[in-house]
Amino acid sequence: MLKNYLTTAWRNLRKRAGFAAINVLGLAVGLACCLLIGLYIADELSFDRFHENGERIYRMKHTWSALDETPAPDDFAVWGSAAPGPLLKDEFPEVEHVVRFSGQHRMLLRHEDRTFQEENYLFADSNFFDVFSFELLRGDPGQVLMQPDVIVLTASAAQRYFGDADPIGQTMMAY
């Protein structure tokens, strides 16, 4: 019986080839659009959701294109070292905390006689750990960024810079 259905379907497809092509093309475009929309939504909902209050964290982006140009996707960046952050906190009571970031930098670091060329350093406000729930291996999240010239390192970076020595209290020079 299945063979009979397939034979009938094949004959109808051949008899009405244009109609079948339009239907198959429409189905393919519809499925592709649904998949792309689903992927876009999943990507948008994935940011900062691993944090304790991830549903309450928002990101402000800015662009630096000319006013008469339509900005390209690469023209947008997360950058918060400018005045809008504190202004938002002052003007809108809904804003509890503002954490400003100063872009990704390249930096040459030196510890004793060893130098390290590092990429993707971020500078952040002292209330970084009030908003983001990253776990620290050592140190108090409420006090760690309160003093100037203090850094927070990943475990792999601390191992690379200091070996097995305790990194707390060590001095590094930045150039």
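Residues numbered from 1 in each chain as written. Predicted model: local features only at pLDDT ≥ 70, side-chain atom pairs only at ≥ 80, totals over all residues. Heavy atoms only, no water.

Brief notes about a nonpolar patch on the surface
- A contiguous nonpolar patch, built from Met1, Leu2, Tyr5 and Leu6 and spanning about 540 Å² of accessible area, is present on the exposed surface.
- Among the secondary structure elements, leucine 2 is positioned in helix α1 (residues 2–15). (Patch = residues over 30% accessible without salt bridge, like charges linked within 9 Å, V, L, I, M, F, W, Y side chains within 5 Å. Areas by Shrake-Rupley, 256 points an atom, 1.4 Å probe, with all protein chains shown as cover. Salt bridge = Lys/Arg side-chain N within 4 Å of Asp/Glu carboxyl O. Helix = DSSP H or I, 4+ residues; strand = E, 2+ residues; numbered from the N terminus.)

Some details on the side chain of asparagine 127
- You can see asparagine 127 is positioned in the loop between β4 (114–124) and α4 (128–131).
- Exposure remark for asparagine 127: the relative accessible area of 16% places this residue in the buried category.
- Residues contacting asparagine 127, with those up to four places away along its chain left out, are His97, Val98 and Val99. (Buried < 20%, exposed > 50% of the residue type's maximum accessible area, 1.4 Å probe, protein only. Contact = heavy atoms within 4.5 Å.)

Description of helix α5 (residues 155–162)
- For α5, every residue scored as buried is listed here: Ala157, Ala158, Tyr161 and Phe162. End-on view of α5: buried residues confined to an arc of 100 degrees, all on one side of the axis.
- Among the residues trailing α5, glycine 163 stands out with phi positive, at a value near 65 degrees. (Arc of directions from axis to C-beta.)

Concerning the nonpolar core
- With nine residues, the main nonpolar core is built from Ile57, Val99, Phe101, Phe128, Phe129, Val131, Phe132, Val144 and Leu145.
- In terms of residues, this core owes the most to one element, α4, which gives three residues.
- Contact partners of phenylalanine 129, with chain neighbours within four places excluded, come to Phe134, Leu136, Pro141, Val144, Leu145 and Val152. (Core = buried A, V, L, I, M, F, W, Y, C linked by side-chain atoms within 4.5 Å.)

Description of the state of the cysteines
- A complete count under the given rule lists zero disulfides for this structure.
- The structure places no disulfide on cysteine 33, whose sulfur is separated from the nearest cysteine sulfur, that of cysteine 34, by 7.1 Å.
- The class for cysteine 33 is partly exposed, based on a relative accessible area of 41%. (Disulfide = S-S within 2.5 Å.)

Some remarks on the confidence of the model for the chain
- Overall, the prediction assigns the chain a mean pLDDT of 84, with 87% of residues at 70 or greater.
- When pLDDT is averaged over each element of the chain, helix α2 (residues 17–44) comes out on top at 94 and strand β2 (residues 76–78) at the bottom at 57. (pLDDT = per-residue confidence, 0-100.)

Focus on the pattern of salt bridges
- Applying the stated rule across the entire model yields four salt bridges.
- As a salt-bridge pair, aspartate 166 and arginine 138 come within 2.5 Å of each other at their nearest N and O atoms. A residue pair is termed long-range when its members are at least 10 positions apart, and aspartate 166 in the loop between α5 and β5 (173–174) and arginine 138 in the loop between α4 and α5 qualify at 28 residues.

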